Structure formats: C-alpha cells, structure tokens
Amino acid sequence: MSAGFRLRDPVADQRMVDTPSPLAYLPQILLYPVSGHALAALLLFTGMLWMGLQSITGIALLAIASPWVFHYAQAVIERTAAGQATPPAFGGDMIYLGGLSALRPLVGLGLLAGLWNWAHAAHPQAELVVLIAGALLYPAHLLLLATDDRLLPAFNPLAMLHAIAGVGTGYLSVCLLLAGAAYAAWSVASQTGLALALFVLIYAWLMACHLLGFVVFHRAERLGLTAPDRRTSDEKHQQAEFEARLDAVLAHVDQALSRRDLQVAADALYAEGGDPRRMRAFHVELFERLERRHQPPLLHAQGARLVALLLAENRAAQALEIAGSCVDARADFAPEKPEQAAALLEEALRTHNADLFDRLLAAALRQWPDSPHVVVLRFLDARASCELRRDDARARELLGPLLRETTHPQHRQIAALARALGLRS
C-alpha cells in the first residue's frame, strides 16, 4: 500500500462524523469512487466487464468480475456505515471472495433477474413492475447484508421496509442516483461506446453505496445499529496518534525498499516500539500491512517480534497463526528464541496442525542445531510422530538418544513416553 492510499484517514473520518447532511457532504461523495483504492477498483471492474462483454468467450471473465463488483460494493457500505470515510482496498480476501458468503449479494440479483425473465415470458406488462420493485428494494437488501451479515433475513420484506424507513429520504436519493446512472450509461453507450457507459455505471454504483453507508452511519440509532466511531475526543486523538506512528514506520520502510536496502527497512521496524497500552494492536496492524508488501525478510522480522509478544501474553493460538503466515511467505521462518519455537510447536501439536509443525520444526533445527533446546524440539518431534503421524517406530528412533539426557528437566516426560512405546530408559 502506498503512502498516498491510506486505509484509515482520521481527518476524513472526523469530517464525515461532523457533516450529517448529505448535501453538505456531497463533494466527498462525488469524489469517493475516484479516490484512493476505489479508483483502482473502478478501473479494474470497468476493464474486466468491458472485455467480458466483447464476445462469448468473455463469459468466464464476467463470472469473475461480477461477484467482485458486488462484494466490493458491500464492503463500501460496511466500511462507510462503520464511520470510515476512505474506500476499502481491493485485494487479499476480496479477490478470493473470502468464502461463499461473498457471493450472497448475487443471490438477490439473480432472484430479480429470474422474476424479470418470468414476467417477460408470461406477463410482459409486469416487467416494469418487477424493475421498479427491484430498484427500490435491492439497495435495502444490500444494506441488510452489509449490516446484519445474514442472507435469509435480508430477504424479509418487513426488514427491508424498516431499513428504508430508517434511512428516510436519503434512501430515495440512492434509488434516484442509480436510476439516473442507468439512464446516463444507456445514453453514453449509444453515443460513445460501452467502456465509458460501464465506467459511468460503476462510478455511480460505488457513489450510491457510499451515500447509503453515509446515511446509515448518521441514522444508526433509528436503524437499531451501533455507530462505532462515537468516541471521546481523547480516544480519537489516541487513534490518530496510533495511525500516525504506523504511517511513519511504513514511510521509512518504503523509503528503504525503494533503495533496495532491506537491512535499513528492517531497522525501521524496530525504531518504533509503539504505545505500551496498545503494543499488541500496533504490531498486529504493522504485520498485516507488511503482508501486502510481499517482502518475506521484513515479514519474518516483524513476525518474530509479534510472536514473542503474543507468547509473552499467553496467546499461543494467535502466535501460531502469525507464524503460519510467515512460513507461507517463505519456509525458513524461525522465531527469536528456541524456546519460542518450542511453544509454537506445542500449539501446533495441540491443534493437530501437522504440516505447520513439520515446517516450523525444520526451520528451528536449522536455526539452532547445537542449542540445548534441541532436546525439547526432538522430544516434541517424537510426540508428533505418535500423535500426528501414527509412526511409533519413528518416535522410538528419536527417543533413543534423548533417554541419555538424564539431567534434562524433561527427562521424566521423555522416559514416560519411551516406556509407553516399549523402550527402556
């Protein structure tokens, strides 16, 4: 993520909080689809849909792009309704649709298309009724999906009517905006071509979703929602400082990366310790942002630091998840200390994650081949052979040399496992 495309902008968020009138906020609504990450999404969707509509071979491209458009639109509503004025980034789980739940916005659209086809075949005079009803109800359906995250309740007519009443006259503005965009796109298509028509249509679609989220944010209480950004000035100031520290660290990292100096970039990570009151949140957010830079050495450095912090707070499950992300980026990840590697292996053993266990073990043995902790690592390997791989012969082979370590603090556990497998200590 470049320094210019910020996922959070406290100044923009505060401006949205302080401007309850859609008319007064109109300049930001108009600029939203062409600002930050939204512009890249707008151009991508336009290009993919245009290419998909060129011939029958483009159907596969349409099948990919269409869910993306609606999944991103739902994310725009969710993010705006949560009090965040900047567009969401399109990438990561959005590209992979984050599971089947991301396809839910298409269910309502498919139902509407089916009703229109039925009306067209059986009752042509009902086509207009279906289109008007769909235009009036689909934004409410999408709003319910974005705020409630359940499919069946989003089809409840009473829930849709309640949402429309809660949003008020702003809802009519959204519907008129979409109707006007459809007409403008049709007019543009007949004059200048399909590409510009699609651009106009998606631009208006993203703008309408932002407007809908904006109205929902300011009418959260009427809709029975909780607006999360109704915070005290001290909390807002702390969040602004939090974001500023993150941006400062990442700016130094990006400067070093532009010079291809990974060591200076890694040093920049350690230059900022973060607010002790929010240390874990700071390093989790920093790790997530570094994942987008696709630089395994930096991710490993931050991952090792975060793993140490999480293990110190007895958060082994979260530490193992971070370690897994590091291993996925590059297989040679190892934490800062061998005892931390042992703690990660214990958690992988507990959760029966055999693949991650093997990868972490191999990296730890390469990192500390002569460490006294190798006994612990080998003992965990023996346990994994029994518990995960069902390979008692391999476990006995590993335990044989370990039984000679009679002064080791875990000798009694080693001997107990050996006896259980038929070995004499």
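This is a predicted model, so every value here is computed, not measured.

## Some points on the confidence of the model for the protein
On average, the protein scores 79 in pLDDT, and the residues at 70 or more come to 83%. Averaged pLDDT values for the elements of the protein fall to 69 in helix α10 (residues 233-258) and rise to 92 in helix α15 (residues 338-350). In the predicted structure, residues 227-233 sits below a pLDDT of 50 and forms 15 contacts with residues beyond four places in sequence or in another chain.

## So, the nonpolar core
Within soluble globular proteins, side chains that are nonpolar tend to cluster in buried spots. Grouped together as the largest cluster of nonpolar side chains are 54 residues, with contacts concentrated most on Phe45, Tyr72, Leu142, Val167 and Trp205. When residues of this core are traced back to their parent elements, those giving at least two are α1 (10-17), α3 (36-52), α4 (59-81), α6 (127-148), α7 (157-167), α8 (169-191) and α9 (194-218). Counting 50 residues, the second largest nonpolar core, distinct from the first, contains Ala334, Leu361, Ala364 and Val376.

## Here we look at empty space enclosed by the protein
Summed over the entire model, instances satisfying the criterion amount to one cavity of 30 Å³ or more. A volume near 40 Å³ is recorded for the largest cavity. Taken together, Ile77, Pro139, Leu142, Val174, Leu178, Trp205, Ala208, Cys209 and Leu212 form the lining of the largest cavity. Secondary structure elements with two or more residues in the lining of the largest cavity: α6, α8 and α9. Considering each element in turn, the lining of the largest cavity owes the most residues, four residues, to α9.

## Here's the deal with the environment of Tyr171
Of note, Tyr171 is situated in helix α8. We classify Tyr171 as buried; its relative accessible area is 3%. Separated by 45 residues in the primary sequence, Tyr171 and Val216 place their C-alpha atoms 9.5 Å from one another. Contacts of Tyr171, omitting those with residues within four sequence positions, involve Leu136, Leu137, Tyr138, Pro139, Ala140, Ile164 and Leu212.

## Thoughts on a nonpolar patch on the surface
Taken together, the side chains of Leu128, Ile132, Leu136, Leu137, Leu158 and Leu161 present a nonpolar region at the surface, about 570 Å² in accessible area. For the nonpolar patch, the secondary-structure elements that each account for two or more residues are α6 and α7. With four residues, the single largest contributor to the nonpolar patch is α6.

## Focus on unusual backbone geometry
With phi around 60°, Asn314 is a residue other than glycine that occupies positive phi space. For Asn314, a relative accessible area of 71% corresponds to the exposed category. Its identity is not glycine, yet His352 carries a phi of approximately 60°, on the positive side. Tracing the chain through its elements places His352 in the loop between α15 and α16 (354-367).

## Some points on the pattern of salt bridges
Here the idea is simple: oppositely charged side chains can pair when their charged atoms come close. Applying the stated criterion across every chain, the model contains 12 salt bridges. Between Glu285 and Arg289 there is a salt bridge; the shortest N-O distance is 2.9 Å. Of this pair, Glu285 and Arg289 both sit in helix α12 (residues 279-291), four residues apart, which is roughly one turn of the helix. For Glu285, a relative accessible area of 21% corresponds to the partly exposed category.

## Looking at α12
Over its 13 residues, α12 extends 19 Å from the first C-alpha to the last, a length consistent with the 18 Å expected when each residue adds 1.5 Å. Turning to α12, its buried residues are Phe282, His283, Val284, Leu286, Phe287, Arg289 and Leu290.

## Brief notes about the packing of α12 against helix α14 (residues 316-329)
Between α12 and α14, the shortest axis-to-axis distance is 12 Å and the interhelical angle comes to 20°. One element, α12, and the other, α14, form an angle in the roughly parallel class. In terms of crossing hand, the pair formed by α12 and α14 is left-handed. Of α14, the residues touching α12 (which contributes Val284, Phe287 and Glu291) are Gln318, Ile322, Ser325 and Cys326. A class-by-class count of the residues in the contact of α12 with α14 yields four nonpolar, two polar and one charged.

## Structural notes on the environment of Ala75
Looking at where Ala75 falls in the secondary structure, it is placed in helix α4. Residue Ala75 is classed as buried on the basis of its relative accessible area, which comes to 11%. C-alpha separation for the pair Ala75 and Pro88, spaced 13 residues apart in sequence, amounts to 6.9 Å.

## Topic: the side chain of Thr80
Among the secondary structure elements, Thr80 is positioned in helix α4. Under the relative-accessibility criterion, Thr80 is labelled buried at 0%. Within the local environment of Thr80, its side chain forms a polar contact with the side chain of His210, the two groups lying 3.0 Å apart. In this structure Thr80 touches Met16, Tyr32, His210, Gly213, Phe214 and Phe217, once residues within four positions along its chain are discounted.

## Comments concerning helix α19 (residues 411-420)
In an α-helix, one full turn covers 3.6 residues, which means residues spaced three or four apart are oriented alike. Within α19 the residues assigned to the buried category are His411, Ile414, Ala415, Leu417 and Ala418. Down the axis of α19, the sector holding all buried residues measures 165°, keeping them to one side. What points out from α19, more than 90 degrees from its buried face, is the exposed set Arg412, Arg419 and Ala420. As for α19, its buried residues are in contact with α17 (374-387) and α18 (392-402). Of the residues trailing α19, Gly422 is marked for its positive phi of about 90°.

## Comments concerning the environment of Ala140
Inspection of the secondary structure puts Ala140 in helix α6. On the basis of relative accessible area, Ala140 is assigned to the buried category, the value being 0%. As a C-alpha pair, Ala140 and Leu212 span 72 residues in sequence and 9.2 Å in three-dimensional space.

Reading guide: rules and limits
Residues numbered from 1 in each chain as written. Predicted model: local features only at pLDDT ≥ 70, side-chain atom pairs only at ≥ 80, totals over all residues. Heavy atoms only, no water. pLDDT = per-residue confidence, 0-100. Helix = DSSP H or I, 4+ residues; strand = E, 2+ residues; numbered from the N terminus. Contact = heavy atoms within 4.5 Å. Core = buried A, V, L, I, M, F, W, Y, C linked by side-chain atoms within 4.5 Å. Buried < 20%, exposed > 50% of the residue type's maximum accessible area, 1.4 Å probe, protein only. 1 Å grid on protein atoms, 1.4 Å probe; cavity = no way out; pocket = protein on both sides within 12 Å on 5 of 7 lines; lining within 4 Å. Points joined across faces, edges and corners; volume = space filled by probe spheres on them. Patch = residues over 30% accessible without salt bridge, like charges linked within 9 Å, V, L, I, M, F, W, Y side chains within 5 Å. Areas by Shrake-Rupley, 256 points an atom, 1.4 Å probe, with all protein chains shown as cover. Salt bridge = Lys/Arg side-chain N within 4 Å of Asp/Glu carboxyl O. Expected span 1.5 Å × (residues − 1). Axes fitted to C-alpha atoms, helices over the stretch in contact; angles between N-to-C directions. Parallel < 35°, antiparallel > 145°, perpendicular 65-115°, else oblique. Left-handed = near helix turned anticlockwise from the far one by under 90°. Nonpolar A, V, L, I, M, F, W, Y, C, P; charged D, E, K, R; others polar. Polar contact = N/O pair within 3.5 Å; in protein donor to acceptor, adjacent residues only side chain to side chain. Arc of directions from axis to C-beta.

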